[in-house]
Amino acid sequence: MDLAQTLKDRWASMSERDQRALKLGAPLVLGILVVALFVTVFSESRAAVDRVEIKRAWLADLPAARDRSQRLQRLGADTGLPLESLVQRVTARYGIESTLDTQSNSSLRLRAAAVPFDAVVEVLADLEAASVSVRRATLNSTQVGRVDLDLELQKSAP
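All residue numbers refer to position in the chain's written sequence, counted from 1. With pLDDT at 70 or above as the cut-off, local features in this predicted model cover only qualifying residues; side-chain atom pairs require 80 or more to be listed or tallied, and sums for whole chains, interfaces and linings still use all residues. Note: side-chain values were computed over all heavy atoms of the structure, leaving out hydrogens and water.

Participant: Would you take a moment to explain the pairing of strand β4 (residues 146-155) for this structure?
Facilitator: Look at any regular strand and the pattern is simple: side chains alternate between the two faces of the sheet. Relative accessibility thresholds used throughout: buried, under 20% of the residue-type maximum; exposed, over 50%; partly exposed, between the two (1.4 Å probe, protein chains only). Working definition: helices are DSSP H or I runs of at least four residues, strands are E runs of at least two. Numbering for both runs from the N terminus. Of all 10 residues in β4, seven are buried; the element is thus mostly enclosed. By definition, two strands form a pair when at least two bridges between them are found by DSSP. Here seven bridges tie strand β2 (residues 108-116) to β4, and the two strands are oriented antiparallel to one another. Bridge pairing in β4 links Leu 108 to Leu 153.

Participant: I tried to follow the pairing of β2 on my own but got confused; where do I start?
Facilitator: Summarising the sheet, strand β1 (residues 98-102) and β2 pair through five bridges and their orientation is antiparallel. Note that in β2 the partner of Ser 98 across the bridge is Ala 112. Where β1 folds back onto β2 in an antiparallel hairpin, the turn is made up of five residues, including Ser 106, whose phi is positive at roughly 65°.

Participant: So what exactly am I meant to see when it comes to the nonpolar core here?
Facilitator: Most often, soluble globular proteins keep nonpolar side chains buried together rather than apart. Working definition of a nonpolar core: buried Ala, Val, Leu, Ile, Met, Phe, Trp, Tyr and Cys residues. They are joined through side-chain atoms within 4.5 Å. Ranked by internal contacts, the top residues of the largest apolar core, which has 20 residues, are Val 87, Leu 110, Leu 127 and Leu 153. Listing elements by their share of this core, those giving two or more residues are α3 (83-93), β2, α4 (117-129) and β4. Those residues in contact with Val 87 that lie beyond four places of it in its chain are Leu 100, Leu 108, Leu 110, Leu 127 and Leu 153. The criterion used for residue contact is that any of the two residues' heavy atoms lie within 4.5 Å.

Shown next as structure tokens:
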């Protein structure tokens, strides 16, 4: 016997009341299942989109985190030095001759003349990696690619 004939026989053996309940209940159950499937698929796809956005943000931050990690490795134990010693070592690494003055608010004022702009960028990146923030900065162009530098630096918590 095939499936269609088996279903016809079962249908015929049901009472009229059971047939009516099945005629009304089957579409209702099917509708509930379709809605439940739609809600599940929608919420899972939304969760997947959210996970992708989080991963995208992590990937966007990855180059900066890698750069910071490499700078910290290059600085090594220097990161634990007092602010003045740290700044002296970092500026010396890039060949910058500067004057340093300790301020009353425990910040450090760094002044240098005719510094290559690329070296300024590298110094600031190294200092940022070592948790030194710039409270105030003045850069004046002196000649092509060189600036006079006046910074107020503050050691912050890592």
